[in-house]
Amino acid sequence: MAKDIRKMFNDMNEGIAQAQSESPETVGAFFNLLNVSEHNGPLDVKTKELIALAVSVYCRCEYCIIGHCRSAYEAGATRAEILDAATTVIAYGGGPSFAYISATLMAALDEFEHEFE
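Criteria and thresholds
- Residues numbered from 1 in each chain as written.
- Predicted model: local features only at pLDDT ≥ 70, side-chain atom pairs only at ≥ 80, totals over all residues.
- Heavy atoms only, no water.
- Helix = DSSP H or I, 4+ residues; strand = E, 2+ residues; numbered from the N terminus.
- Buried < 20%, exposed > 50% of the residue type's maximum accessible area, 1.4 Å probe, protein only.
- Polar contact = N/O pair within 3.5 Å; in protein donor to acceptor, adjacent residues only side chain to side chain.
- Salt bridge = Lys/Arg side-chain N within 4 Å of Asp/Glu carboxyl O.
- Axes fitted to C-alpha atoms, helices over the stretch in contact; angles between N-to-C directions.
- Left-handed = near helix turned anticlockwise from the far one by under 90°.
- Contact = heavy atoms within 4.5 Å.
- Nonpolar A, V, L, I, M, F, W, Y, C, P; charged D, E, K, R; others polar.

## Focus on the side chain of threonine 104
(1) Moving on: Looking at the element boundaries, threonine 104 is found in helix H6 (residues 90-112).
(2) Moving on: For threonine 104, a relative accessible area of 0% puts it in the buried group.
(3) Moving on: Within the local environment of threonine 104, its side chain forms a polar contact with the side chain of glutamate 62, the two groups lying 2.9 Å apart.

Structure representation (structure tokens):
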């Protein structure tokens, strides 16, 4: 059965909002860390999103893969760049990483590809 990527993305965002309302200091600190790391240093946001996507694939986090795929597109990455970053991880994560690419990432690429054109 195919994954409903949009539903997973929306469910994740709803969960984030609920966690933010119930634990604002901790969730706020986490998002502050993300913001600082994403917008500081010599690497641009697109490059950092591609790195985050690769780490997400390696860690086998479906929600992270979905979120960083969308964010990479939003930052200007192409489908080819996103797939290249993700498939680089196969050398380190082997078959399990490839399984997450083939099931989750490919569906996310299709879902978000035209969202930021």
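And the narrative resumes.
## Quick look at the pattern of salt bridges
When the charged atoms of two side chains lie near each other, side chains of opposite charge can form a pair.
(1) Moving on: In the structure shown here, the tally under the stated rule is nine salt bridges.
(2) Moving on: Salt-bridge contacts for aspartate 110 lead to arginine 79; the nearest nitrogen and oxygen are separated by 2.9 Å. Separated by 31 residues along the polypeptide, aspartate 110 in helix H6 and arginine 79 in helix H5 (residues 79-88) bring together distant segments of the chain.
(3) Moving on: Assessed through its relative accessible area of 25%, arginine 79 is described here as partly exposed.
(4) Moving on: Several salt bridges share partner residues, and in doing so they unite Arg6, Arg70, Glu74, Glu111 and Glu115 into one network.

## Points about the packing of helix H4 (residues 62-74) against H6
(1) Moving on: Axis separation between H4 and H6 bottoms out at 9 Å; the angle between their running directions is 35°. Two packed elements cross with a definite hand, and for H4 against H6 that hand is right-handed. Between H4, through Glu62, Ile65, Ile66, Cys69, Arg70 and Tyr73, and H6, the contact on the second element is made entirely by Tyr100, Thr104, Leu105, Ala108, Leu109 and Phe112.
(2) Moving on: For the contact of H4 with H6, the class distribution of residues is nine nonpolar, one polar and two charged.

Nothing here speaks to function; it is geometry throughout.
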